[in-house]
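Chain by chain, the residues run as shown.
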Amino acid sequence: MSDLLKIADKTYHSRLLVGTGKYQDFAQTRAAIDASGAEIITVAIRRTNIGQTAGEPSLLDYLPPEEFTYLPNTAGCYSADDAVRTLRLARELLDGHKLVKLEVLGDPNTLYPNMIETIAAAKVLVKDGFDVMVYCSDDPIIAKQLEDIGCCAVMPLASLIGSGMGILNPWNLQIIIENANIPVLVDAGVGTASDAAIAMELGCQGVLMNTAIAAARDPIRMAGAMKKAVEAGRDAYLAGRMPKKLYSASPSSPSAGLIS
Amino acid sequence: MQVTINGKPRSFDAASFSVAHLITSLNLEGKRLAIECNGEIVPRSQFAETQLVDGDKLEIVGAVGGG
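Throughout what follows, the structure given in this document is the object of discussion. Remember, predicted model here, so these are calculated numbers, not experimental data. (Residues numbered from 1 in each chain as written. Chains lettered and ligands numbered in written order. Predicted model: local features only at pLDDT ≥ 70, side-chain atom pairs only at ≥ 80, totals over all residues. Heavy atoms only, no water.)

**Here we look at the pairing of strand β8 (residues 153–156) of chain A**
All names here are of chain A. Burial along β8 is two-sided: Ala153 and Met155 facing one way and Val154 and Pro156 facing the other are all buried. Bridging between strand β7 (residues 131–136) and β8 involves 4 bridges; their strand directions are parallel. Across the sheet, residue Cys136 finds its bridge partner in β8, namely Pro156. For the segment spanning β7, helix α5 (residues 140–149) and β8, crossover handedness is right-handed. (Buried < 20%, exposed > 50% of the residue type's maximum accessible area, 1.4 Å probe, protein only. Helix = DSSP H or I, 4+ residues; strand = E, 2+ residues; numbered from the N terminus. Pairing = 2+ DSSP bridges. Right-handed = clockwise from strand over helix to strand, strands pointing away.)

**Thoughts on the side chain of Asp138 of chain A**
All names here are of chain A. Its location among the elements puts Asp138 in the loop between β7 and α5. An unpaired buried charge is present at Asp138: no salt bridge exists, and Lys101, the closest side chain of opposite charge, is 16 Å distant. If near-sequence neighbours (up to four positions away) are discounted, Asp138 is found in contact with Tyr112, Pro156, Leu157, Asn169, Asn172 and Ile176. (Lys, Arg positive; Asp, Glu negative; His and termini not counted. Salt bridge = Lys/Arg side-chain N within 4 Å of Asp/Glu carboxyl O. Contact = heavy atoms within 4.5 Å.)

**Concerning the pairing of strand β4 (residues 34–37) of chain B**
Residue and element names in this part refer to chain B. Taking every second residue as pointing to the same face, both faces of β4 are buried, with Ala34 and Glu36 on one and Ile35 and Cys37 on the other. In this sheet, strand β5 (residues 40–42) lies alongside β4 in antiparallel orientation, the contact comprising 3 bridges. In the sheet register, Cys37 faces β5, and the bridge partner there is Glu40. Linking two consecutive strands that pair antiparallel, namely β4 and β5, is a turn of 2 residues; a positive phi of about 50° is found at Asn38 within it.

**Description of helix α1 (residues 26–36) of chain A**
Helical periodicity: at 3.6 residues per turn, an α-helix aligns residues three or four positions apart in one direction. All names here are of chain A. All of the buried residues along α1 are Gln28, Thr29, Arg30, Ala32, Ile33 and Ser36. Contacts from the buried residues of α1 go to β3 (16–19), β4 (40–47), α2 (59–62), α8 (211–214) and α9 (219–239). Regarding α1, its N-cap is Asp25, as a side-chain oxygen of that residue lies 3.3 Å from the backbone nitrogen of Ala27 further along. Gly37 sits one or two residues past α1 and shows a positive phi near 75°. (Polar contact = N/O pair within 3.5 Å; in protein donor to acceptor, adjacent residues only side chain to side chain.)

**Things to note about unusual backbone geometry**
Although it is not a glycine, Ala188 of chain A sits at a positive phi angle of roughly 90°. The residue Ala188 of chain A is located in the loop between β9 (185–187) and α7 (193–201) in this model. Using a relative accessible area of 9% as the deciding quantity, one classes Ala188 of chain A as buried. Backbone geometry places Asn6 of chain B, a non-glycine residue, at a positive phi of 50°. Along the chain, Asn6 of chain B turns up in the loop between β1 (2–5) and β2 (8–11). Here Asn6 of chain B falls in the buried class, since its relative accessible area comes to 9%.

Here it is in C-alpha cells:
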C-alpha cells in the first residue's frame, strides 16, 4: 500500500527533505542526496559571481531541476520584504516554480525565526500564488495562523538550525500535529537518525534536514541512515505503538507449561 | 554609463544597452540566473528589449547550496 506525502497537490514517495549546503563539493552533495532518497531539495538564492571563471560547475549541473523538486529558501533574510523579494527572484530563476520554503530569521546567533515578519511575508506570498512551506517556531497558535493564511505546510523547528540538539519539545509538536489540517514537517535541529525517527513517530508528515547529514563524519552513510529512520518512524506511527505501562509488566512468553 | 551590479559599481563605454548584452559581456550566457533591476524583476523573455541606463542598480542571482 502506498503511503505518499502530499504537498500542494503533488505527491512524493520520500518523506525526507534535504538541504544542499555545507558539503565538501558538489559530487558529495549529489552522492548524499542520492543516498537519502530525497525528492525535494532546498537551495539558497545568492548573488552570482560576476567576472569569475566561466564554465565553473554549478549546483544545478549536479542536481538538475528536472530530476528533483527544488525548494528555494529565504535563508539569511531578516525581514518580510527581503524574503518576498528573494522568492520572487527564485520563481523567475526556476521558470515560474511556486513551491518555496519561507524562513525569516530573528537574530544571527540563534537563527530563531521572527514569526511577526514570517507571517507578514506568508500573507504576501500566498496572495501572490506561491505554495508556501514555512519554517516556524513550535508555537501551536502560530502554526494555526500560518495554516489559516494559506500556507501549504508548517515546519516547526525541533531545535535551533544547525544545532543537532534533536527534538526539544515533542509535546508542542504533538499539539501542532493534532490541530493541523496541512502537513507538519520538522525542520531544523535534527542531529541523528533517532531524532528523525522520533519526529515521524510523533506523526510528522516529513523531516527536513541539512547539517545532520552534511556535518556527519560520513555524510553519505548518514544520509542512508536518515532515509531508514524516516521510513521506520513513519511505519511505527502508522502501526500504532503499544501503550506505555509503568508497572503492569507482561511477559511475552506463556506463563503456563513451565517445568518444575 | 555606470551601473551597480550585485552591490559593486561597473562602468561601460556605451550610453545604454540591453540586459541581454550585459549578460554576454559578463560571460554569463547560458547560466541559469534571475535579474532584478531597481527592485523590479526583469523576466527572461524581456532581456533583449530591456535597456539599461546610467545609475541602474542590478541584482543577478542564482541557486546555490543551502538548507
